[in-house]
Structure formats: structure tokens, C-alpha cells
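Next come the chains, spelled out residue by residue.
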Amino acid sequence: MLGFSLYFEKESDFEKQIEKFKGFDLLFTSLHYPASDQTYERFLNLKSRAKNLDICVDINNQTLKDHPDLLDMDLIIRLDFGFNPREIASLSKKSQIAINASTVNYKFLEDLARSGANMANMIAIHNYYPLVFSGLPQEYFLSQNELINSFGIRVASFIQGNTKLRGPVFEGLPTLEDDRYINPYLALVKHKRKYKIDEIILAEDVDHYSKNCIVKFINDGIICLPIIWENDYEYLSKIKVRNDISDYIIRNEREKKDVSPDQPRQIKRGDLVILNNLSGRYAGEIEIVRKDLGICEDRNLIGRVDESYIGILDLIKGGDIIEFDRR
């Protein structure tokens with residue numbers, strides 16, 4: 001599941017936003033803020049325009065009392081607060097239900113199971129955290145996910161945006177505090193590769209480039225890397241990473257080339273290099289540097305990964321396809 005979010009506190013061209021996130025399969029929204037009949041009418045309008053998407057709507061118990069017809073709309077209903085395990089178990093037999101992954105504990109989940117909840121009809125979705133320093137730490141995030149998975153429930157997390165951030169504080173909406181100011185694409189790859197999260201939702205808007213990188217990664221497994229080039233290597237559009245990956249360098253499945261040595265230089269993490277003739281039969285191999293290598297005579301510097309994407313180097317696996325984008 002790959003989701004994006006739309007909200008109702010300001011006017012939005014729903015059709016334009018839905019078209020922008022073509023390739024996503026879930027739309028997340030909330031009926032909390034602002035909670036009004038007008039918000040509900042706008043939600044119905046949005047739902048009518050998102051016919052090819054699953055829709056997850058965040059509600060509380062008062063919202064459900066005011067709009068019980070939500071249960072008949074084939075929605076994923078995220079129960080934010082005001083529901084006990086017995087009520088949730090009953091609702092899970094009628095609709096797809098999402099519980100709050102950031103706040104549940106063992107007793108709550110045990111009570112849910114004992115109440116006969118349909119666990120196959122449930123997902124646990126973490127909170128996002130608008131207030132700086134309030135997001136979850138990694139250790140708690142991982143322990144919550146492990147606990148929830150042990151009850152056979154899937155887990156979803158939120159990734160912050162990088163454009164048109166949502167108020168009132170406009171500091172991003174991450175699940176993890178460490179993600180707050182990093183590139184959303186990097187955050188998503190980290191959630192997939194490091195934390196093994198299968199269900200991810202963009203909590204707010206992202207720029208077109210980040211969105212395209214996310215779709216390529218989710219749908220095709222392609223890693224996008226923006227490169228600031230030093231020399232003219234236009235033929236380098238992509239590489240396939242060798243399966244026997246190193247902690248120090250990401251190597252491609254090379255093609256032997258004649259490459260004259262340059263002046264020896266310090267080779268640092270994030271550099272893109274080509275091996276020269278001093279490396280013998282390895283000349284022509286393209287490498288992306290994961291750790292500082294010091295001064296190298298057998299490597300020519302040809303580019304550098306954009307600083308905001310360098311963290312992806314730690315998440316690349318053997319067999320990955322990496323596409324280079326020019327900056």
C-alpha cells in the first residue's frame with residue numbers, strides 16, 4: 001500500500017491532486033479538523049472523485065455517531081480515540097478498521113483478540129507528529145511494530161512532505177522524529193528497507209521529483225540518485241549493482257574501458273568514481289563511495305551524490321538498479 005493525503009482546512013483541486021499521485025493506491029484524509037458538516041460534504045465530494053483508490057478516513061467516536069453511514073462506504077476507518085476493544089472488534093466485522101499503532105499496548109491487543117476482532121480486516125496506522133521533537137524514536141517504533149505484527153496485524157507509517165506543508169506549525173508530519181527534515185524519498189526508502197514497513201502514507205505534499213522517485217522505487221524497485229557531475233559522462237544513465245556488495249563501495253557490473261588516470265584526489269562518501277587504467281582489468285568500473293577512501297590514484301572522480309540523498313547509499317542492496325539524474 002502506497003498512500004497520499006488530502007485535507008479539508010483549505011480549498012483544494014481534488015482532481016488535480018489525485019492525478020498528481022497517479023500510481024498510488026490509497027488516499028488518506030481526516031474528518032477531525034475542521035470537524036463540521038461542510039467538511040463532511042467536502043469528504044463526500046472527494047470520495048466521488050477517487051473511485052480507483054482505497055480511502056482511509058481518520059475519525060473519532062463522535063464522528064461515527066454523527067455519520068454512521070461511513071460504515072457502509074467501503075472505507076478503511078481509522079479509529080483515533082474514543083473506542084474500546086469490544087467496540088472495535090464489532091466494527092471489524094463490518095468494515096476495514098485501522099487502529100492507532102503508536103499508542104496500543106499488549107493488553108489492548110489481547111482484549112481485541114479476545115473480543116473476536118477480525119484481525120485480517122485490520123491494519124495499525126501510526127500517528128504523524130506536527131509538533132517538533134514530538135515524533136517517535138526508532139526504538140519505540142520498532143518495538144510497537146513487532147508487538148502489532150505478533151497479533152497478525154499489518155503496520156503503516158507516515159512520511160513527511162517537502163512542499164505545501166500542513167499547518168498549524170508547518171514543520172512536517174512524520175511518524176519518526178528523525179525523519180522530520182530529511183528528503184521524503186529517503187525517508188520512504190528507509191521505512192521500506194531498514195524498518196520493513198510495507199504500508200506507507202505520505203502525510204502531506206511532495207515535489208514532483210520526489211513523487212516520481214517514490215513511484216519508481218515502489219513499482220519497479222529502481223533507486224534514483226541525483227548526481228552533480230564533474231566531467232562529461234552522459235552515457236552513464238544507470239547501473240546495476242553487483243550482488244556481492246561492499247561496505248565501502250557500491251560497484252556496478254562493469255564493462256572494461258580505457259580510462260586515463262587523473263590527478264589523485266581525496267575520495268569521500270557520496271563520490272561517484274570510475275576506475276582508471278592503474279586498476280588493470282578493473283578499469284571502467286563505476287563505483288559509488290559509501291565510506292571515505294582517502295587519496296586514490298586508481299579512481300577518477302566524475303560526480304557526487306546530491307547531499308540530501310546520500311543516506312540512500314546505506315540502503316542500497318545487491319542487484320539494485322540505480323538511475324542517475326543530472327543536477
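Overview of the structure. What you see is a predicted model, and the numbers here were worked out from it, not measured in a lab. (Residues numbered from 1 in each chain as written. Predicted model: local features only at pLDDT ≥ 70, side-chain atom pairs only at ≥ 80, totals over all residues. Heavy atoms only, no water.)

## Focus: the pattern of salt bridges
- The tally for this structure, following the rule as stated, stands at 20 salt bridges.
- We note a salt bridge from E230 to R265, for which the minimum N-O separation is 2.9 Å. Of the two residues, E230 sits in the loop between β9 (222-229) and β10 (238-240) while R265 sits in strand β12 (residues 265-267), which places them 35 residues apart along the sequence.
- Assessed through its relative accessible area of 44%, E230 is described here as partly exposed.
- Overall, the relative accessible area of 36% leaves R265 in the partly exposed class.
- The shortest N-O distance in the salt bridge between D314 and R269 comes to 2.8 Å. With D314 in the loop between β16 (299-305) and β17 (321-326) and R269 in the loop between β12 and β13 (271-275), the pair connects residues that are 45 residues apart, well separated along the chain.
- Among the residues examined, D314 registers a relative accessible area of 48% and is labelled partly exposed.
- One connected set of salt bridges, linked through shared partners, spans D58, R78 and D80. (Salt bridge = Lys/Arg side-chain N within 4 Å of Asp/Glu carboxyl O. Helix = DSSP H or I, 4+ residues; strand = E, 2+ residues; numbered from the N terminus. Buried < 20%, exposed > 50% of the residue type's maximum accessible area, 1.4 Å probe, protein only.)

## Comments concerning the sheet that holds β17
- In space, the seven strands of this open sheet follow the order β10-β17-β9-β16-β13-β14-β11, with mixed pairing throughout. Strands at the two margins of the open sheet, each flanked by one partner only, are β10 and β11 (249-251). The mean angle between the axes of side-by-side strands here comes to 35°, regardless of whether they run parallel or antiparallel.
- In the sheet, β9 pairs with β16 via three bridges, with the strands oriented antiparallel. (Pairing = 2+ DSSP bridges. Axes fitted to C-alpha atoms, helices over the stretch in contact; angles between N-to-C directions.)

## Overview of the packing of aromatic side chains
- On inspection of all chains with the given rule, the structure shows 12 aromatic pairs.
- Members of the aromatic cluster, each reached through a chain of ring pairs, are F4, F21 and F24.
- When the ring centre of Y248 is taken as reference, the NZ or CZ atom of K291 above it lies at 4.9 Å.
- The ring of W229 carries R326 above its face, with NZ or CZ at 4.4 Å from the centroid. (Phe/Tyr/Trp six-rings, centres within 6.5 Å; stacked < 30°, edge-to-face > 60°. Lys NZ or Arg CZ within 6 Å of the ring centre and 35° of its normal.)

## Things to note about helix α5 (residues 106-114)
- Its side-chain oxygen 3.3 Å from the backbone nitrogen of K107, N105 forms the N-cap of α5.
- Taken from the residues just after α5, G116 is the one with a positive phi, measuring 85°. (Polar contact = N/O pair within 3.5 Å; in protein donor to acceptor, adjacent residues only side chain to side chain.)

## Examining the packing of helix α7 (residues 184-193) against helix α8 (residues 208-220)
- The interhelical angle for the contact between α7 and α8, taken along N-to-C directions, is 20°, at an axis separation of 9 Å. Here α8 runs roughly parallel to α7, going by the angle between their axes. When the axes of α7 and α8 are compared, the crossing they make is right-handed. Contact with α7, carried on its side by Y185, L188, V189, K192 and R193, involves S210, C213, I214, F217 and I218 of α8 and no other residues of that element. (Parallel < 35°, antiparallel > 145°, perpendicular 65-115°, else oblique. Left-handed = near helix turned anticlockwise from the far one by under 90°. Contact = heavy atoms within 4.5 Å.)

## Here's the deal with the side chain of E285
- Mapped onto the fold, E285 is located in the loop between β13 and β14 (286-289).
- A polar side-chain atom of E285 sits 2.8 Å from a polar atom in the side chain of R251.
- Setting aside anything within four residues of it in sequence, one finds E285 in contact with R251, N252, R254, V273, I274 and L275.

## Looking at the sheet that holds strand β3 (residues 54-59)
- One closed barrel holds the eight strands; their spatial order is β1-β2-β3-β4-β5-β6-β7-β8, and the pairing between them is parallel. Along the sheet, successive strands turn relative to each other by an average axial angle of 25°, direction set aside.
- Pairing of strand β6 (residues 122-125) with strand β7 (residues 154-159), which is carried by three bridges, proceeds in the parallel orientation. In the strand pairing of β7, I125 is matched with A156.
- Lying over the sheet, α7 contacts β1 (2-5), β7 and β8 (199-202), oriented at roughly 160° with respect to β7.

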